[in-house]
Structure formats: structure tokens, C-alpha cells
2 protein chains.
Amino acid sequence: MQRVAFQGEVGAFSEEAVGVLMPAGRPVPFPSFEAVFEALMREDVDAAVVPIENTLFGSVHVNYDLLREHEVRIVGEVNLRIRHNLLVRHGVRYENITCVMSHPQALGQCKTFLRSHLPDVEQRAVYDTAGAAKRVATIEDRSVAAIASIKAADVYDLHVLAESIESNHQNYTRFLALSRSAATRSLPGAGGSKTSIVYALGKTEPGSLFRALSIFAENGIDLLKIESRPLIGIPGSYMFYLDLDGSATDANVASALSKLQGMADFVRVLGSYPRGMWVDGSSITASPA
Amino acid sequence: MQRVAFQGEVGAFSEEAVGVLMPAGRPVPFPSFEAVFEALMREDVDAAVVPIENTLFGSVHVNYDLLREHEVRIVGEVNLRIRHNLLVRHGVRYENITCVMSHPQALGQCKTFLRSHLPDVEQRAVYDTAGAAKRVATIEDRSVAAIASIKAADVYDLHVLAESIESNHQNYTRFLALSRSAATRSLPGAGGSKTSIVYALGKTEPGSLFRALSIFAENGIDLLKIESRPLIGIPGSYMFYLDLDGSATDANVASALSKLQGMADFVRVLGSYPRGMWVDGSSITASPA
């Protein structure tokens, strides 16, 4: 059975992403993203799943850095709806709760719910949502609730007192499936291919940032994501993250990439892979409708 | 005296940014970014300072959302080097430490130091670095250390056992100064102006993402930041964050913005302001050298 590394506690959203992308794989938890990449390189695991961007909180630059630093390939992706739920020990009711524990972002997103349902209750920020559920399940004090996933409720045998308590419902995290080499068989997708690249432009003249992008337009390639990031230590230089429509083996993509190579300080193709589905619980769609 | 809102505990990096951008202002702490924006709109404070992007952790999308939702203007910016330090109660030495407390990102960034200097010590993740320092200063157990800023050591009267213990030294956070209206007098900067805009392209055809950017190249405007973000609920549509060289009152910028208005679903100028300095402790430069 394929072993698939993810960061966090059992019951984390990353584990859910493993289940969608590699349903036959066995998720293996690691304490940090660095540990996930190291385990993949050491061949302790066969694959890995890491978050790369969130619709509310932006790109996870540290994972882009780890992607650049390790010889791994992106082989798939999925966009997973993040839903928060109020979890308690069995038998605990609203009036018994004295403290709600979760990741600070989750507490912030459930602010309106907490204000109207648990106005005088202490809020305690912890490292991750699944970790909060684990603690609620194991500590002596039964009056503590957690905000976490439905999966965490299941894993730690907690009761779901309220479902989907977040105010903003446009919360999706995009997860990447990683492997040491190109995929031998395709992971599930929404149809069509996508290619992720990272490149750097040294000491730019005015307009060079734009000229690099024009290479793709001239080759009829649609851009799905553009992100620039200043390079520290080299004033005026940038790193770019681009997602392109198509595969690196397509003639027009291959031609554009070779032109880019002549212009950029470095170009790295992180992988060509099936475009990801948008998954919200049991509902699966090709776009975030 | 101007009251300037920031998110976090006293001693947070945001408070340091207030000190650089508005040295004569009085920093006022708030528990969340939402509370910071609300205080500014209610005129409880005169200005606010919020983080918008970090070189390692990416853009803070929630603050871009709050910028769009509130009638505020960006009036300045600064890039602040984030340095982590090991803080303890006076008299505590390495061999006394049983636990290190900090924000998970700070613990991760100081991993190499912790591995070699405090290998068997418990690591406890908490909400923010200044909050960790505050707790170390007030709890009964003297064996707990915090990872936080030098400023936090000063505020909570802690001893700095080791300075700059992070492995990656390319850690800068960009902070924006916000006001309800355009600045009456200029905030400190590195020379030159910058304009931040946000715009949305509805249901894009292939290449439209690129065509919107070409407007700026045609008007001879250099782009300093490009970031796309998919719009949830409207498949195929994007929101863009752009930073441009120049002021919205410059003829070429004004002309480009009016052309963009004819093409985008909406365009919002978040502000024109002096380009920010790069600040590392007492060293101040025009670029991240």
C-alpha cells in the first residue's frame, strides 16, 4: 500500500486531501512541512500531499521554497472546501462550554457564530484544528470545545454540536500531490492539464516582468495563476510562480518554456498534472460554482 | 497625539512597524484585523498599520479583503526584517529551560537552533510571539522560554539569551499604513511613488488575463507586484492585486487605469504612497540588499 505523507495531526484537512487524491494510499502524519519533504526524499513514503494556497490566506510560500529545493514533481491537485464545526465530548451542551480551542484562523472565521452562541466563553488559540480536537477528547475538563473538521470529530469520537459555523463560505485550500518522479498513472482531475513553473528574473529593467509573460500570450497559452515575489538580497529581482493551461509536453508550452529559459535566471518546471476538482464534502465539481 | 491601531499584543512586530512609519503616533493594540479596520472606520483611531505580505509566507489575503470592504486609503509602507530571539526570565540559563513557547512559524524558523541548543525541550505553539513573551514573563514556572522580538524582551522585561536564532535570514514583512483619507503629509519612504490597485476580471476568455496587464506595458508603467486569485463562486474569474511604479495622479497611470476600467468588472485604487524602506533593526536601506 502507498504511504502518503501529510503535515499535521490525524484528522487534519491535509489528510482529507490525501483521501481524495489517493484513496488507496495510507496517510502518514509528520510534524512539519520540512519533515514531509525529507520523508519523501528519503523514500520513507511514496508520495506526499501539501497545501499550496488558500482562497482567504494566500499562497504558502514556504512550500514553494521546499518544492524548489527538493527534486520532487507535482503529480496532482485538489481544491478542498474548508468547513469548521463545533465539536464537544458526548453529552456536553452549549450551556456547559467554558472554552473554545482552535487554530487562530479558525477562531477568527467563526467569530460571528461564537459572538451569538458563546459570547462569554474563553477562546484559546492552538497550533492546528485537529490538534484542538485531540486535546478536547483527552483532557479531563469536559467543558472545552474545539473547532475542527468533521473528520476530526470522527477520529477523536467527538459530538458535532454545530456544522459549518464559519462566516465566509469561500474558503478552499488547494493541495498538491507530490512524488519523486512523474506519475505512472493519472490522479483524479476535472479534465485538462495544467503546468506549474517557477522562474526568476535577475536585476530587471522596466518592463521585463511583462515581457516574460508576453512569451506565453504569443504562444497562445492561457495563464491560470501569476504571482510575483521579490527576491531578498538581490534588489530589483523577482521570483515568479506561474500556472499554465496545458502540459509541458505540448508543442506550444515546450516552445514558450525554451524561450523563457533564454530570458530568465532560472526556470524550473514543477510538474504537469490533471487540473484539480473542487471538493466540498461529498460534492465534487469541475469549478468552484 | 495620533492613535494608530495594530493587531496583536504590545511588543508585536506590527507595533514596531508603527514606530517606523509614524514615530510620533501612539500604537493601540487590537485582537484581530477586523477590529483594527472597524476602529479606523469608527474614528476610534486616526490611522492603522497592518501586514500585507511576508517574503516567506506570502500575501495576507484577509487584509486585502478588508481593504476592499472598507473606505480606507494606503498612505505608506515599510518592509521590516523579522528577527527571532530566545527570551527568558532573568537568571535563567540554557540548562534550566524545559519548554519553548512561540508562534508555530517562529518555532519552525528556529528549528536548527533549537535542535542544536535545546534538543530535548518541549515546544509549545501559541497564537503570537509577543503573547508568548507576555506569558513567559507572568507564569509561575520560570523554566519556560519564548521566541519573540527584541522589543517584546524590552516590554516584558525578559533577558535575551540568544539573538537572531532563525535559519532563514530573508524574512521581511511588508506593513501598510492606512488612513480614512489621503495623507495630509508624506510618510517616510525610500524615494519614488507606488500605487496599489485591486481589480476583477469576470468570466475570462483565454488571454484576457494577459491583455489587462498589457495596458500597463503600453503606457510605460513598470509592475512591481502581480498576484492573481481565483474568485470563488464565479468559475473562471479572477481578482488581481497589482503594485505599479508611479502615482495615480501621473498622466500615464491615470490613462492606464481608465482603460482598465473599461475592461474589468471593477477597479479600486487602494492608494498612492511613498515606496517603502527596508528596515532591519537600526539599519535602513532603499532596497533589500
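Residues numbered from 1 in each chain as written. Chains lettered and ligands numbered in written order. Predicted model: local features only at pLDDT ≥ 70, side-chain atom pairs only at ≥ 80, totals over all residues. Heavy atoms only, no water.

Quick notes on the environment of B:Tyr94
Residues and elements named next belong to chain B. Along the chain, the position of Tyr 94 falls in the loop between strand S6 (85-88) and strand S7 (99-102). A sequence separation of 59 residues divides Tyr 94 from Ala 153, and the C-alpha atoms of the two residues are 17 Å apart. Non-local contacts of Tyr 94, meaning those with residues more than four positions away in its chain, are made with Leu 86, Phe 113, His 117, Leu 118, Leu 161 and Ala 162. (Helix = DSSP H or I, 4+ residues; strand = E, 2+ residues; numbered from the N terminus. Contact = heavy atoms within 4.5 Å.)

With respect to the sheet that holds strand S10 (residues 159-162) of chain A
Residue and element names in this part refer to chain A. Read across the open sheet, the five strands follow the order S8-S7-S9-S6-S10; overall the sheet is mixed. Two strands lie at the open edges of the sheet, namely strand S8 (122-125) and S10, each paired on one side alone. Averaged over all neighbouring strand pairs, the angle between strand axes comes to 35 degrees, with direction disregarded. Taken strand by strand, helix H6 (residues 129-138) contacts strand S6 (85-88), strand S7 (99-102) and strand S9 (144-148), and its axis lies near 155 degrees from that of S9. (Pairing = 2+ DSSP bridges. Axes fitted to C-alpha atoms, helices over the stretch in contact; angles between N-to-C directions.)

Here's the deal with the sheet that holds strand S8 (residues 122-125) of chain B
Residues and elements named next belong to chain B. Judged by pairing direction, the sheet is mixed, and its five strands sit side by side in the order S8-S7-S9-S6-S10 without closing on themselves. Looking along the sheet, the strands with just one partner apiece sit at the ends: S8 and strand S10 (159-162). In this sheet, neighbouring strand axes are inclined to one another by 35 degrees on average, regardless of whether the strands run parallel or antiparallel. Two strands pair when backbone bridges link them, and S7 and strand S9 (residues 144-148) are joined in this way by three bridges, in the parallel orientation. Following the sheet pairing, Met 101 is matched in S9 by Ala 146. Seen against the sheet, helix H6 (residues 129-138) touches S6, S7 and S9 and runs at an angle of roughly 155 degrees to S9.

Looking at the interface of chain B and chain A
Each partner contributes to the interface: chain B provides 41 residues, whereas chain A provides 41 residues. Taken together, the two surfaces of chain B and chain A that pack against each other cover about 3700 Å², and 62% of this comes from carbon and sulfur. Applying the counting rule to chain B against chain A returns two residue pairs in polar contact (both at pLDDT 80 or more). Put simply, the parts of the chain that give the side of chain B that touches chain A at least two residues each are strand S4 (58-59), helix H3 (61-69), helix H8 (208-218) and strand S13 (223-230) of chain B. At seven residues, S13(B) tops the list of elements feeding residues into the side of chain B that touches chain A. (Buried area = accessible area lost by both parts, 1.4 Å probe. Polar contact = N/O pair within 3.5 Å; in protein donor to acceptor, adjacent residues only side chain to side chain.)

What about the domain arrangement of chain A?
When the parts come together, some accessible area is lost, and that loss is often what is quoted as the size of the interface. Domain parsing of chain A yields domain 1 (85-162) and domain 2 (193-274). Once you take the C-alpha centre of each, domain 1 of chain A and domain 2 of chain A turn out to be 43 Å apart. (Domains from an automatic or database assignment.)

Focus: the side chain of A:Asn219
All names here are of chain A. Residue placement: Asn 219 occurs in the loop between helix H8 (208-218) and strand S13 (223-230). Of the polar contacts made by the side chain of Asn 219, one reaches the backbone oxygen of Ile 215; its length is 2.8 Å. Sequence-distant contacts of Asn 219, that is, excluding residues within four places in its chain, are made with Asn 252, Ser 255, Ala 256 and Lys 259.

Topic: the pairing of S13(B)
Residue and element names in this part refer to chain B. Most of S13 sits out of view: seven of its eight residues are buried. Taken together, the seven bridges between S13 and strand S14 (residues 238-245) define a ladder with antiparallel strand orientation. Bridged to Ser 228 within S14 is Phe 240. (Buried < 20%, exposed > 50% of the residue type's maximum accessible area, 1.4 Å probe, protein only.)

Let's talk about the relation of the copies chain B and chain A
The operation relating chain B to chain A is a screw motion whose rotation component is 180 degrees, with 0.0 Å of axial translation and a residual RMSD of 0.0 Å. Taken together, the turn and the small shift mark the pair as related by a two-fold rotation axis. Minimal C-alpha distance to the rotation axis in chain B is attained by B:Glu227, lying at 2.2 Å. A symmetric contact is evident, with 100% of the interface residues of chain B recurring at the interface of chain A. (Least-squares fit on C-alpha atoms with pLDDT ≥ 70 in both.)

A few points about the pairing of strand S16 (residues 277-280) of chain B
All names here are of chain B. Burial of the side chains of S16 extends over both faces: Met 277 and Val 279 are buried on one face and Trp 278 and Asp 280 on the other. As defined by bridge partners, strand S5 (residues 73-81) adjoins S16 across three bridges and the pair is classed as parallel. For Val 78, the partnering residue across the bridge sits in S16 and is Met 277. Between the end of S16 and the start of strand S17 (residues 283-285), which pair antiparallel, lie two residues, with Gly 281 showing a positive phi angle near 60 degrees.

With respect to the packing of helix H2 (residues 33-41) of chain A against helix H3 (residues 61-69) of chain A
All names here are of chain A. Where H2 contacts H3, the two axes come as close as 10 Å, and the packing angle between them is 25 degrees. As far as their axial angle goes, H3 and H2 are roughly parallel. The chirality of how H2 crosses H3 is right-handed. Together, Phe 33, Glu 34 and Phe 37 of H2 and Val 62, Asn 63, Leu 66 and Leu 67 of H3 make up the contact between the two elements. Class assignment of the residues belonging to the contact of H2 with H3 gives a composition of five nonpolar, one polar and one charged. (Parallel < 35°, antiparallel > 145°, perpendicular 65-115°, else oblique. Left-handed = near helix turned anticlockwise from the far one by under 90°. Nonpolar A, V, L, I, M, F, W, Y, C, P; charged D, E, K, R; others polar.)

A look at the pattern of salt bridges
All names here are of chain A. In total, this model carries 32 salt bridges over all chains according to the counting rule given. Taking the shortest distance from any N to any O, the salt bridge between Arg 275 and Asp 245 comes out at 3.2 Å. Residue Arg 275 is located in the loop between strand S15 (266-274) and strand S16 (277-280), and its partner Asp 245 is located in strand S14 (residues 238-245); the two are separated by 30 residues in the primary sequence. Judged by its relative accessible area of 34%, Asp 245 falls in the partly exposed class. Several salt bridges converge on common partners, so that one network encompasses Glu 53, Glu 77, Arg 174, Lys 194, Lys 225, Glu 227 and Asp 243. (Salt bridge = Lys/Arg side-chain N within 4 Å of Asp/Glu carboxyl O.)

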